[in-house]
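Descriptive structure summary
Residue-level listing of the chains:
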Amino acid sequence: MEWKIGNVTIPNQIVVAPMAGITNASFRLTAREFGAGLVVCEMISDKGIKYHNEKTLGMLFIDPKEHPVSIQIFGGDKESLVNAARFVAENTSADIIDINMGCPVKKVVKLDAGSHWLLDPDKVYDVVHAVSSAIDKPVTVKMRTGWDDDHLYAVENALAAQEGGAAAIAMHGRTRAQFYSGHSNWDILHDVAEKLTIPFMGNGDIKTPEDAKFMIEEVGADAAMVGRAVLGNLWKLNAMEHYIETGELLPEPTVREKVNIAKLQLERLVDLKGEHVGVPEFRQQAAYYLKGIPHAVRTRAKVMNEDSMQAVFDTLDQFVESYEQREARSPKIS
Ligand SMILES: Cc1cc2nc3c(=O)[nH]c(=O)nc-3n(C[C@H](O)[C@H](O)[C@H](O)COP(=O)(O)O)c2cc1C
């Protein structure tokens with residue numbers, strides 16, 4: 001089902017979470033083609049924008065075919081975040097600008113950025129108000145439920161962001177202290193979804209089409225934001241979208257189909273970053289694609305040592321051929 005963030009139409013209720021080192025323009029385009037309604041870019045530093053760091057500016061590239069797209073910024077103080085938002089609004093075709101208030105990593109938190117703001121709803125209001133007043137594009141905020149279990153201001157912070165002018169909120173149901181341990185608390189997400197009047201994207205531990213549907217129908221989110229479950233599994237986006245719309249589960253793709261998606265992702269990454277950056281960056285993605293497929297251990301190790309796109313393609317193709325031959329030989333039990 002179509003929905004809106006401000007004046008931007010999002011064609012369906014599956015959103016891919018921002019993931020540093022992963023949700024670059026090539027990944028986003030492929031994820032959109034495989035069923036995501038929106039993909040948030042990897043977090044971009046306000047300081048990198050301020051100092052026109054070459055790598056940071058490169059991360060702002062948007063493919064004309066990937067709209068709608070949301071660019072996430074993170075930063076140390078209100079002024080530099082406002083300046084970064086202005087820069088992105090004026091110099092890119094981003095449809096939405098997202099503020100990262102959930103990043104738990106030390107190098108971000110120590111700047112008084114990321115999830116640190118979650119200790120004080122007034123600060124959340126202040127930052128969101130400053131950024132949303134400075135630009136015309138819709139501003140969204142991605143946050144965690146709180147700093148730790150003693151400072152769970154999920155509802156207060158979400159309402160503060162809404163008051164400050166946010167057009168939508170995404171929340172990961174873990175505290176900063178949890179990092180990725182424990183479970184995403186969907187009860188808290190439910191409380192937040194009930195209180196907000198702006199759209200809400202529920203995030204954390206959505207792994208299956210059933211989870212995505214539950215997030216929308218039971219938790220009450222307007223969209224299911226999915227992160228780790230799509231790594232090596234881009235086809236799941238379409239499966240989730242289809243299940244939400246129809247209640248029907250799609251069959252898993254074959255190994256050949258999975259490998260073809262992996263190859264497409266590598267090809268796009270090489271187009272974006274060149275072979276010497278794209279191939280090494282892809283190695284981790286290849287491992288995700290091959291995870292859980294029997295007899296893939298040696299292929300995984302081999303891809304880790306390949307330096308050219310063609311060599312990775314050849315290794316993957318050889319794997320598919322021997323996998324299919326093995327399957328054809330194995331007796332079928334019916
Ligand atoms: C590799 C990786 C990189 C991430 N980078 C970001 C980021 O740049 N910005 C952000 O707000 N969250 C980031 N996150 C958090 C995810 O957006 C998401 O909130 C989290 O993974 C929980 O969702 P999931 O259980 O569906 O993975 C990252 C997560 C992972 C695994």
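Description of the structure in this document. Only a predicted model underlies this, so the values are computations on that prediction, with no experimental measurement involved. (Residues numbered from 1 in each chain as written. Predicted model: local features only at pLDDT ≥ 70, side-chain atom pairs only at ≥ 80, totals over all residues. Heavy atoms only, no water.)

**Describing the pairing of strand 6 (residues 69-74)**
The two faces of the sheet receive side chains in turn, since in a regular strand these alternate between them. Of all six residues that make up strand 6, six are buried, and the element is covered over most of its length. Alternating positions in strand 6 separate into two faces, Val69, Ile71 and Ile73 on one and Ser70, Gln72 and Phe74 on the other, with burial throughout. Direction of pairing for strand 4 (residues 38-40) relative to strand 6: parallel, over a ladder of two bridges. Residue pairing for strand 6: Val40 is matched across the bridge by Ser70. By the bridge criterion, four bridges tie strand 6 to strand 7 (residues 96-101) in an arrangement that is parallel. (Buried < 20%, exposed > 50% of the residue type's maximum accessible area, 1.4 Å probe, protein only. Helix = DSSP H or I, 4+ residues; strand = E, 2+ residues; numbered from the N terminus. Pairing = 2+ DSSP bridges.)

**Observations concerning the environment of Met304**
In this fold, Met304 is placed in helix 13 (residues 297-304). In this structure Met304 comes out as partly exposed when scored by relative accessible area, which is 35%. On a C-alpha basis, the gap between Met304 and Arg283 in space is 5.6 Å, while along the polypeptide they are 21 residues apart. Every residue in contact with Met304, bar those within four places of it in the chain, is listed here: Arg283, Gln284 and Ala287. (Contact = heavy atoms within 4.5 Å.)

**As for unusual backbone geometry**
The omega torsion of the bond from His67 to Pro68 falls at 0 degrees, within 30 degrees of zero and hence cis. Following the sequence through the fold, Pro68 ends up in the loop between helix 3 (54-59) and strand 6. Within the chain, Asp205 stands out as a residue other than glycine whose phi angle is a positive 70 degrees. For Asp205, the location among the structural elements is in the loop between strand 10 (200-203) and helix 9 (209-217). Asp205 sits in the buried class, given a relative accessible area of 18%. Positive phi outside glycine occurs at His295, with the angle close to 65 degrees.

Geometric values such as these leave the question of function open.
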